[in-house]
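# Fold and contact review
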Amino acid sequence: FGDAALLGVKAIFDGFITPMNTHEPSRSHVYLHNNIFFSRAIDIGMDTFKIYKGDNAARKSASRDTTNINLLHRLDKAGLHTLGMVIVEYMGVRVVCQSVIPGILHGEKSHTLTYGTIDARNPLKRDDDVHKLAEEIFGEICCVATRTVPTTPLTDERMEALKNSPVYPTQEGKKDDDKKEEDGKKTVEFCGPIEMKAILGSDKRKYLLDCTRLTPRDANWISKESGGTGLLEADAKQHNSIPSTLDDDDWVTSVLRPELVSSYAEMKVGKHLSKIIKEDEDLLKGESAATGDDPSADNE
């Protein structure tokens, strides 16, 4: 898959493959070649549901997504399906190469969004079967808690900017604003990254996409006022590579490595088991002292 993706990227840059959306700006062009979908790792616009904005954040997000997709693929969990995905860096451009969900190119009737949302203007969807699968995978294996979130989780500032953008529908579309405000007051239980989505393909398999943040954010890249360590803020003046403010969306994608989370979980489990073993040994010694028996004799 990686070799085929690399050949496809080279053919795209050489001009041998025509984009699917020729009417859009060149930076937004997407391609389909050998059943592989190619797109640039850039911020594609405000109408797409995401928690960040900016090309730098999009580049990092694509890298995190690939890492987590590979992690989910290695789990080999029944009912869990992911896409083949690699990132190709070519001529200074990061290209995301993905296999295609069966039926997604043949109209809305051939595939169904069952979890999350694609359009920033639409509320989150939740399918009970997908939610149960997400809790088994993200809750039990990845230690991601289920939480109650608004069905329209974007901030008021983001929604206001979206309404003022050219992509937002005019007069007729804005008649639904009152209904969407009511939807914004509703909540739903969600497990996994808020930008994650599940799509039911024409092959009746549920595919998970956009699993960018399966691990917690790095507290060093969160301001002290927001609950972070504040260490990098204190050193910002001495290091030119560190931003003077952490409000940039680029730093939203700074998350912990899965290996660190796994090591921490194993350490906590080890301490818990050691505590239980010690308590059992102390209990056994106490019972032996009360009866006058030698506990070591039972082990011989």
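Residues numbered from 1 in each chain as written. Predicted model: local features only at pLDDT ≥ 70, side-chain atom pairs only at ≥ 80, totals over all residues. Heavy atoms only, no water.

## Let's talk about the sheet that holds strand 10 (residues 206-209)
In plain terms, the rule: We treat two strands as partners when DSSP finds at least two bridges between them. Secondary structure elements are defined from DSSP: runs of H or I of at least 4 residues count as helices, runs of E of at least 2 residues count as strands, and each element is numbered from the N terminus.
Here we have four strands laid out as an open sheet, ordered 6-5-9-10, and antiparallel in their pairing. Of all the strands in the sheet, the pair left with one neighbour each is strand 6 (125-126) and strand 10. As paired elements, strand 9 (residues 197-200) and strand 10 share four bridges and run antiparallel to each other. For Ala198, the partnering residue across the bridge sits in strand 10 and is Leu208.

## Here's the deal with the side chain of Ser61
We apply this condition: Summary of the burial criterion: residues with accessible area below 20% of their type's maximum are buried, those above 50% are exposed, and those between are partly exposed, where the area comes from a 1.4 Å probe applied to protein chains only. Throughout, a contact is declared for two residues whenever any of their heavy atoms are within 4.5 Å.
Here Ser61 shows up in helix 2 (residues 55-75). Judged by relative accessible area, which is 6%, Ser61 ranks as buried. The residues touching Ser61, leaving out its near neighbours within four places in the chain, are Tyr52, Thr212 and Thr253.

## Focus: the nonpolar core
Convention followed: By nonpolar core we mean a set of buried residues, namely Ala, Val, Leu, Ile, Met, Phe, Trp, Tyr and Cys, connected to one another through side-chain atoms within 4.5 Å.
Counting 24 residues, the largest nonpolar core has Leu72, Tyr115, Phe138, Leu208 and Cys211 as its most contacted members. When contributions to this core are tallied by element, the ones reaching two or more residues are helix 3 (128-141) and strand 8 (187-190). For this core, the leading source of residues is helix 3, giving five residues. Once residues lying within four places of it in the same chain are set aside, the contact partners of Leu208 are Ile69, Leu80, His81, Thr82, Phe138, Met196, Lys197 and Ala198. Counting residues in hydrophobic clusters, the runner-up holds eleven residues, among them Val9, Ala11, Ile36 and Val88.

## Some words on the pattern of salt bridges
What counts is decided by this rule: The salt bridge definition used is simple: a Lys or Arg side-chain nitrogen within 4 Å of an Asp or Glu carboxyl oxygen.
Taken as a whole and assessed by the stated rule, the structure comprises seven salt bridges. Here Asp55 and Arg27 are joined by a salt bridge, their closest N and O atoms 3.0 Å apart. Taken together, the positions of Asp55 in helix 2 and Arg27 in the loop between helix 1 (2-13) and strand 1 (30-33) put the pair 28 residues apart, joining distant regions of the chain. One salt bridge in this structure joins Arg126 and Asp128, with 2.6 Å as the shortest N-O distance. Salt bridges here are not isolated pairs; linked through shared partners, they connect Arg59, Glu89 and Arg94.

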